Amino acid sequence: MAESDDWLSVGKIVGVQGLQGELRVNPASDFPERFTAPGPRWLRSRQGGEPTEIQLKKGRQLPGKSLFVVRLEGIDNRSAAQALVGQELLVAGDDRPELAEGEFHLLDLVGLEARLTADGPAIGTVTDLISGGNDLLEIKTADGRKLLIPFVDAIVPEVQLEDGWLLITPPPGLLEL
């Protein structure tokens, strides 16, 4: 999910909602306005390629779920909406909300070294972020294994963006999975 400086993936279209062209989006962003505030967004197909601009007309979060339902300009029936399922919803790479001190954009974690101690060697590198009930960091180890580490304070207590690493304190057995 690592992005170029030009685009940030903020979600994936995972289904249609109703008959009027609304779409369900699984967010990859902690900023709900990405899915509720009208304005330009871009779509990129599963095959990649250049994103195409589209206008977000409105959106809302489904009660009790992490999914958003959005309405896009020019998509006004179920079949038009179905054609967009699987595409990524993007924003411009420089469209990053301001953060408070000590906060960071989750996509900035990709590329960081994962360490078991602050001054220890890297056990791997963060290669992806998987959004779900809890965010998961995908870490590729030196021997080529991929580990999925829950991104929660108890397991990832320290992130040093400036220095290029994060600390993980996994429970026994997590690294052996």
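Heads up: these notes are all about the structure in this document.

Criteria and cut-off values
Residues numbered from 1 in each chain as written. Predicted model: local features only at pLDDT ≥ 70, side-chain atom pairs only at ≥ 80, totals over all residues. Heavy atoms only, no water. Core = buried A, V, L, I, M, F, W, Y, C linked by side-chain atoms within 4.5 Å. Buried < 20%, exposed > 50% of the residue type's maximum accessible area, 1.4 Å probe, protein only. Helix = DSSP H or I, 4+ residues; strand = E, 2+ residues; numbered from the N terminus. Contact = heavy atoms within 4.5 Å. Pairing = 2+ DSSP bridges. Axes fitted to C-alpha atoms, helices over the stretch in contact; angles between N-to-C directions. Phe/Tyr/Trp six-rings, centres within 6.5 Å; stacked < 30°, edge-to-face > 60°.

Here we come to the nonpolar core. Ile13, Leu23, Phe35, Leu43, Val70, Leu72 and Leu84 are the most contacted members of the largest nonpolar core, which totals 20 residues. Elements with a minimum of two residues in this core: strand S1 (7-17), strand S2 (22-27), strand S4 (48-61), strand S5 (68-72) and strand S6 (88-92). Take this core: its biggest share by element is 4 residues, from S1. For Leu84, the contacting residues outside a window of four places in its chain are Ile13, Leu23, Leu43, Leu72 and Ile75.

The antiparallel closed barrel is built from 6 strands, whose spatial order is S1-S2-S5-S4-S3-S6. Here the strands of the sheet are splayed against their neighbours by 50° on average, with no regard to which way each runs.

Below, the discussion takes up the packing of aromatic side chains. Across all of its chains, the model carries 2 aromatic pairs by this definition. On the basis of an interplanar angle of 55° and a centroid distance of 5.0 Å, the ring pair of Trp7 and Trp42 is categorised as tilted. Note that Trp7 is positioned in strand S1 and Trp42 in strand S3 (residues 39-45), a separation of 35 residues in sequence. Exposure remark for Trp7: the relative accessible area of 17% places this residue in the buried category. On the basis of relative accessible area, Trp42 is assigned to the buried category, the value being 16%.

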